[in-house]
Amino acid sequence: MLPSHGSNPHYLYESLSIEQPEETLDFSANLNPFGPPKALIEKWPDAFDLITTYPDPHATSLTKKLAARHGSEESHVLVGNGGAELITLVGRFLFHKRVCIVQPAFSEYEEACRSAECEVTYHKLEEGWRLDPNPLVEKMNHLDAIFLCTPNNPTGVSYDLESVRTLIAEAEKQDCYLIIDEAFFADFLHKEPRYTVELMTNRNLIIMRSLTKMFAIPGLRLGYMMAHPEVIRAIKKLKPHWSVNALALMAGEICLDEQAYMKATRKLIEGEREKLQLFFEKHRYIYSRSTVNFYLLKDPDQTDQAPLMHYLMKNGIVPRHTENFPGLEGRWLRFAIRTSYENDRLMEVLASWRSLSL
Ligand SMILES: Cc1ncc(COP(=O)(O)O)c(C=O)c1O
């Protein structure tokens, strides 16, 4: 009955029959709390003319820019209508194949693979969410593809790079696709794009990125994937011709130049994360070791976090439930890191919940 994704809080209130307060703070969608970059807002009025012609179906200009950013070739890049479209296309590309999802993870991988009649299995990580590549390597023999999300949604944990590299190398040896979803990567971490070398020759590696999180443009829909040109060509054949609209293409080009905005975002997120973690320690909340702009949280005194979720919602704080994340099943709540004011309000309500249970 609960909505399967964050954002659109009224669905969550409706499904739980909780009256929605006049003002709510939405912590359920993990978007940049600054909102879209100023440069995009300033250029928006000029964008109107773009809707009078068809968008470039090959996204040539943005593809060039992305390839340059990754030190790669344009033939390795495919722009899509949000990461979500690319996940669906990868699912179709894997039609009828044996797929394993490293869980907990974003629910769309399973949706996409099931609707493409794949055989889906899970590789569930223990709480703490450390990635040991060995058991996965052992399973590869019986698999056609593995989905790995890092930094991980919903935990915020980034998997150790050496372990990921081991998986990349083994997947190539065993001819198993490895799909790495980095929707929250470079932008929220102080890191440069990577896997450039592997992408040149490896036919089994697929990297997915989203622009909607960092640039707070989920309504526009924009993402891209990188893979071997053979894979890109095969997936492009499955994609509707003009699926990425002209406004999204324009926004993507503007956003990629916004280095100062990205830097300021990372600084805000880091500072707020530290502040929140100190508060959680002091008030005995347990949290995941997130590296990005969201985290998992639980009150260790409750086996089920539903009462806390209801309390927060009645007080205008909207978390993301974790009922549909295999391996979490409601034992945690997920929160975005928002502005300082919003995080302070969250802490206030969490402190008042604590004082109730004393
Ligand atoms: C891990 C992950 N990948 C991909 C997506 C899809 O992002 P987009 O908005 O680009 O479709 C999401 C959205 O929540 C996500 O969390």
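Bear in mind the structure is a predicted one, so any value in this text is a computation, not a measurement. Along every chain, residues carry numbers that run from 1 in the direction the sequence is written. In keeping with the model being predicted, local features are shown solely for residues with a pLDDT of at least 70 and side-chain atom pairs are shown and tallied solely at 80 or more, while totals for entire chains, interfaces and linings include all residues. As a convention, hydrogens and water are excluded, and side-chain values are obtained from all of the structure's heavy atoms.

Attention now goes to the domain arrangement of the protein chain. Where each domain starts and ends comes from a domain assignment, either automatic or drawn from a database. On domain assignment, one finds that the protein chain holds domain 1 (9-36 + 260-356) and domain 2 (38-256). Centre-to-centre, using C-alpha coordinates, domain 1 lies 26 Å away from domain 2. Contacts: residue pairs with any heavy atoms within 4.5 Å of one another. Taken together, the 30 residues of domain 1 in the interface contact 36 residues of domain 2. In this description, buried area is defined as the sum, over both parts, of the accessible area (probe of 1.4 Å) that is lost when the two are combined. Both faces combined, the contact of domain 1 with domain 2 buries some 2,600 Å², and carbon together with sulfur accounts for 63% of it. Only one rule defines a salt bridge in this text: a Lys or Arg side-chain nitrogen within 4 Å of an Asp or Glu carboxyl oxygen. A salt bridge links Glu 127 to Lys 298, with the shortest nitrogen-to-oxygen separation between them at 3.6 Å. Nitrogen and oxygen atoms within 3.5 Å of one another constitute a polar contact, given that in protein one can donate a hydrogen and the other can accept it, and given that sequence-neighbouring residues count only through two side-chain atoms. Taken together, the links from domain 1 to domain 2 amount to eight residue pairs in polar contact (both at pLDDT 80 or more). Helix numbering and strand numbering both begin at the N terminus, where a helix is a DSSP run of H or I of at least 4 residues and a strand a DSSP run of E of at least 2. Counting residues per element, the ones that place at least two in the side of domain 1 that touches domain 2 are helix H12 (259-282) and strand S10 (294-298). With six residues, the top contributor of residues to the side of domain 1 that touches domain 2 is H12. Lys, Arg, Asp and Glu make up the charged group, whereas Ala, Val, Leu, Ile, Met, Phe, Trp, Tyr, Cys and Pro make up the nonpolar group; the residues left over, Gly among them, are polar. A per-class count over the side of domain 1 that touches domain 2 returns 13 nonpolar, 10 polar and seven charged.

For this analysis, a ring pair means two rings from Phe, Tyr or Trp (six-membered ring only for Trp) whose centres lie within 6.5 Å, classed as stacked if their planes differ by under 30 degrees, edge-to-face if by over 60, and tilted for the remaining angles. For the structure shown, the criterion picks out 15 aromatic pairs. With a centroid separation of 4.5 Å and an interplanar angle of 40 degrees, the aromatic rings of Tyr 54 and Trp 242 are classed as tilted. Of this pair, Tyr 54 sits in the loop between helix H2 (38-43) and helix H3 (60-69) while Trp 242 sits in the loop between helix H10 (229-236) and helix H11 (246-256), placing them 188 residues apart in sequence. Only protein chains enter the accessibility calculation, which uses a 1.4 Å probe. A residue is then buried if its area is under 20% of the maximum for its type, exposed if over 50%, and partly exposed in between. Overall, Tyr 54 belongs to the exposed group, its relative accessible area being 63%. Each ring, one from Phe 93 and one from Tyr 177, has its centre 5.2 Å from the other, and the planes form 65 degrees; the classification is edge-to-face. In this pair, Phe 93 sits in helix H4 (residues 82-93) while Tyr 177 sits in strand S6 (residues 177-181), placing the two residues 84 residues apart along the sequence. One aromatic cluster is present, built from ring pairs that chain together Phe 27, Phe 279, Phe 280, Tyr 285, Tyr 287, Tyr 295 and Phe 335. When the NZ atom of lysine or the CZ atom of arginine is within 6 Å of a ring's centre and also within 35 degrees of its normal, the charge is said to sit over that ring. Above the plane of the ring of Phe 294 lies Arg 334, whose end atom (NZ or CZ) is 5.7 Å from the centre. The cationic tip of Arg 354 hangs over the ring face of Tyr 285; the distance from NZ or CZ to the ring centre is 4.5 Å.

It is worth spelling out the site of the ligand at this point. Residues are classed as near a molecule or strand on a simple rule: at least one heavy atom within 4 Å of it. The ligand sits among 16 residues. The nearest are Gly 83, Asn 153, Asp 181, Lys 213 and Arg 221. Between the ligand and Ala 84 there is a distance of 2.9 Å, counted from an oxygen atom to a backbone nitrogen or oxygen. Contacts to the ligand include Lys 213, whose side-chain N or O atom sits 2.5 Å from an oxygen atom. Surface accessibility in these figures is a Shrake-Rupley result with a 1.4 Å probe; residues are shielded only by whichever protein chains are displayed. Relative to its unbound accessible area of 390 Å², the ligand is 91% covered by the protein chains. The rule is simple: put a 1 Å grid over the protein atoms alone, call a set of points where a 1.4 Å probe fits but cannot get out a cavity, call an open set with protein on both sides within 12 Å along at least five of seven lines a pocket, and count a residue as lining if it has an atom within 4 Å of a point. Cavities and pockets are treated as containing a molecule whenever more than half of the molecule's atoms lie within 2 Å of their grid points. Taken atom by atom, the bulk of the ligand overlaps the largest pocket. Of the residues forming the shell around the ligand, the biggest block, four residues, is contributed by H4. Of the residues in the shell around the ligand, the class split is eight nonpolar, five polar and three charged.

Moving on, we come to empty space enclosed by the protein. Grid points are joined across faces, edges and corners, and a volume is the space filled by probe spheres set on the points. Per the stated rule, a full pass over the model turns up one cavity of 30 Å³ or more. Mapped by element, the contributors of at least two residues to the lining of the largest cavity are helix H1 (9-16) and strand S12 (320-321). Looking at the lining of the largest cavity residue by residue, the class counts come to five nonpolar, six polar and one charged.

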